[in-house]
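Below are the chains, spelled out letter by letter.
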Amino acid sequence: MAMTELNQLVLQISAEDRALIRAVEHGLPIVSRPYASIAQQLGTTESNIINRLGRLIDNGAIKRYGVVVRHRELGYRANGMVVWDVPDHEVSRLGQCIGRFPCVTLSYRRPRRPPEWPYNLFTMVHGRDREEVTRKVREIVESCGLHDFSHTILFSTRRFKQRGAQYSQPAARKPDIKLKLVRSND
Amino acid sequence: MTVPGDITAYSGLEQRLLNDFQRDMPLSATPFADMAEQLGISEDEVMHTLQRLQNNGAISRIGPVFRPNRVGVSTLAAMSIPVHELECVARIISAFPEVNHNYEREHEFNLWFVVTASSEEHLDIVLHEIEQHAGYPLMSLPMLEDYFIDLGFDINWR
């Protein structure tokens, strides 16, 4: 099942790299020598940090390196998660086709969960307003030849939380742990 | 602290900082000085402007975007929550450090969130805890394949 496939992708990450990931996952400090600052925090050298980040880029752990923007704050107030029910043998081609549109920021295959969830392709479409998202989806249907397949647009109405993923929790913890549920969002 | 709603509300410098450095930021010891050199301004001006954009929320962060399911394991989860309980349940779910995105969407499945953990075991435990605390079952939809080549988001695409 899905998790087995996932496990094949997960990289073996050393404890040293885990500490580095923890130090950078919420962004670099905006100072003249950010890597020197991280190095000091981790008790190592600036060049060691830079080399190890370079390796994480080379081995594919890091997909993109740079400024991460928030769409909503830039005027792209509408986002629709557009889910498609396409034949399994076409999902890869169609997913790549949709992923090439500049208004699209995600294109993933995910499992169907019949009967309540028939969709196997998930894409995120951004626009200044709903009309623009709807128009873009029509363009995508047109351009990728998706007329025959059902899709639905799930517009987001409220954002409760948005931040970079946190990869650095302990590998396992006891299920009976009591979480404090009174923290504010973010 | 203002949150401008349109890209034209940003100065030319801000627009370039938002748009031109989303990928392939050089891994040099002095990235902000390098950006300043490209832009023909001072390093201080780059850092101040970036800090301001980060403070007002236009920039989420500067640094790595990790490829899904390489460093940790994640899944997209959906729940169907009665409208009058949605806000309360959403707050409970957002409180989990493993939850990084959490949105209300217009659908019978009206709460959608991403859960990221360091291992499959840890992910299973967290999903179970979330169901326990929220009091509703979740539908887990882990990514099976990624078709998206992330080149950043061209803010001037229209």
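Residues numbered from 1 in each chain as written. Chains lettered and ligands numbered in written order. Predicted model: local features only at pLDDT ≥ 70, side-chain atom pairs only at ≥ 80, totals over all residues.

**Some thoughts on the packing of helix α2 (residues 15–24) of chain A against helix α3 (residues 34–42) of chain A**
Packed helices, taken two at a time, are described by their axes: the angle between them and the distance between them.
Residue and element names in this part refer to chain A.
Phase 1: Relative orientation of the contacting elements α2 and α3 amounts to 130 degrees, with a least axis distance of 11 Å. Considered as vectors, α2 and α3 are oriented oblique to each other. Both α2 and α3 take part in a crossing whose hand is right-handed. Note on element contacts: α3 touches α2 through I38, Q41 and L42, opposite A19, L20, A23 and V24.
Phase 2: Across the contact of α2 with α3, the residue classes tally to six nonpolar, one polar and no charged. (Axes fitted to C-alpha atoms, helices over the stretch in contact; angles between N-to-C directions. Helix = DSSP H or I, 4+ residues; strand = E, 2+ residues; numbered from the N terminus. Parallel < 35°, antiparallel > 145°, perpendicular 65-115°, else oblique. Left-handed = near helix turned anticlockwise from the far one by under 90°. Contact = placed C-beta atoms within 7 Å. Nonpolar A, V, L, I, M, F, W, Y, C, P; charged D, E, K, R; others polar.)

**Examining helix α3 (residues 43–55) of chain B**
Residues and elements named next belong to chain B.
Phase 1: Spanning 13 residues, α3 covers 18 Å between terminal C-alpha atoms, matching the ideal 18 Å at 1.5 Å per step.
Phase 2: As for α3, its buried residues are in contact with α1 (12–19), α2 (31–39) and β1 (59–66).
Phase 3: Positive backbone phi, at 95 degrees, marks G57, one or two positions downstream of α3. (Expected span 1.5 Å × (residues − 1).)

**A few points about the interface of chain A and chain B**
Phase 1: Taken together, the contact pairs 79 residues of chain A with 83 residues of chain B.
Phase 2: Mapped onto the side of chain A that touches chain B, the elements with two or more residues apiece are α1 (2–9), α2, α3, α4 (46–58), β1 (62–69), α5 (91–99), β3 (104–109) and β5 (151–162) of chain A.
Phase 3: The greatest single-element share of the side of chain A that touches chain B, amounting to nine residues, is contributed by β5 of chain A.
Phase 4: When grouped by side-chain class, the residues that make up the side of chain A that touches chain B number 40 nonpolar, 22 polar and 17 charged.
Phase 5: One ladder, built from five bridges, connects β5 of chain A with strand β3 (residues 99–105) of chain B; its direction is antiparallel. Bridging from a neighbouring strand, R158 of chain A pairs with E104 of chain B of β3 of chain B. (Pairing = 2+ DSSP bridges.)

**Quick look at the domain arrangement of chain A**
Phase 1: Taken domain by domain, chain A holds domain 1 (12–58) and domain 2 (72–155).
Phase 2: A straight line from the C-alpha centre of domain 1 of chain A to that of domain 2 of chain A covers 35 Å. (Domains from an automatic or database assignment.)

**A closer look at the pairing of β1 of chain B**
Phase 1: Counting buried positions along β1 of chain B gives seven out of eight residues, so the element sits mostly inside the fold.
Phase 2: As paired elements, β1 of chain A and β1 of chain B share seven bridges and run antiparallel to each other. The residue of β1 of chain B that forms the bridge with G66 of chain A is G63 of chain B. (Buried ≥ 20, exposed ≤ 12 C-beta atoms within 10 Å, placed from the backbone.)

**Some remarks on α5 of chain A**
All names here are of chain A.
Phase 1: Buried within α5 we find V91, L94, G95 and I98. Viewed along the axis of α5, the buried residues span an arc of 100 degrees, placing them on a single side of the element.
Phase 2: Looking at the buried residues of α5, the elements they touch are β3, β4 (121–127) and α6 (130–144). (Arc of directions from axis to C-beta.)

**Here's the deal with the sheet that holds strand β4 (residues 111–117) of chain B**
Phase 1: Taking strand neighbours across the sheet as the criterion, the nine strands line up as β5(B)-β2(B)-β4(B)-β3(B)-β5(A)-β2(A)-β4(A)-β3(A)-β6(B) in an open arrangement whose pairing is antiparallel. Of all the strands in the sheet, the pair left with one neighbour each is β5 (139–141) and β6 (145–146) of chain B.
Phase 2: Sheet strands touched by α6 of chain A: β2 (78–84), β4 and β5 of chain A. Its angle to β4 of chain A, the strand with the most contacts, is close to 135 degrees.
Phase 3: Lying on the sheet, helix α4 (residues 83–94) of chain B is in contact with β5 of chain A together with β3 and β4 of chain B; it crosses β3 of chain B at an angle near 165 degrees.

**Considering unusual backbone geometry**
Phase 1: The peptide bond linking P114 of chain A to P115 of chain A adopts the cis configuration, its omega dihedral lying at 5 degrees.
Phase 2: Within the secondary structure layout, P115 of chain A lies in the loop between β3 and β4.
Phase 3: Even without being a glycine, D24 of chain B presents a positive backbone phi close to 55 degrees.
Phase 4: Mapped onto the elements, D24 of chain B comes out in the loop between α1 and α2.

**A look at the confidence of the model for chain B**
Low-pLDDT stretches of the model should not have their predicted coordinates read in fine detail.
Phase 1: Per-residue confidence for chain B averages 90 on the pLDDT scale, and 94% of its residues sit at or above 70.
Phase 2: Both confidence scores are given for the complex: pTM 0.81, ipTM 0.82. (pLDDT = per-residue confidence, 0-100.)

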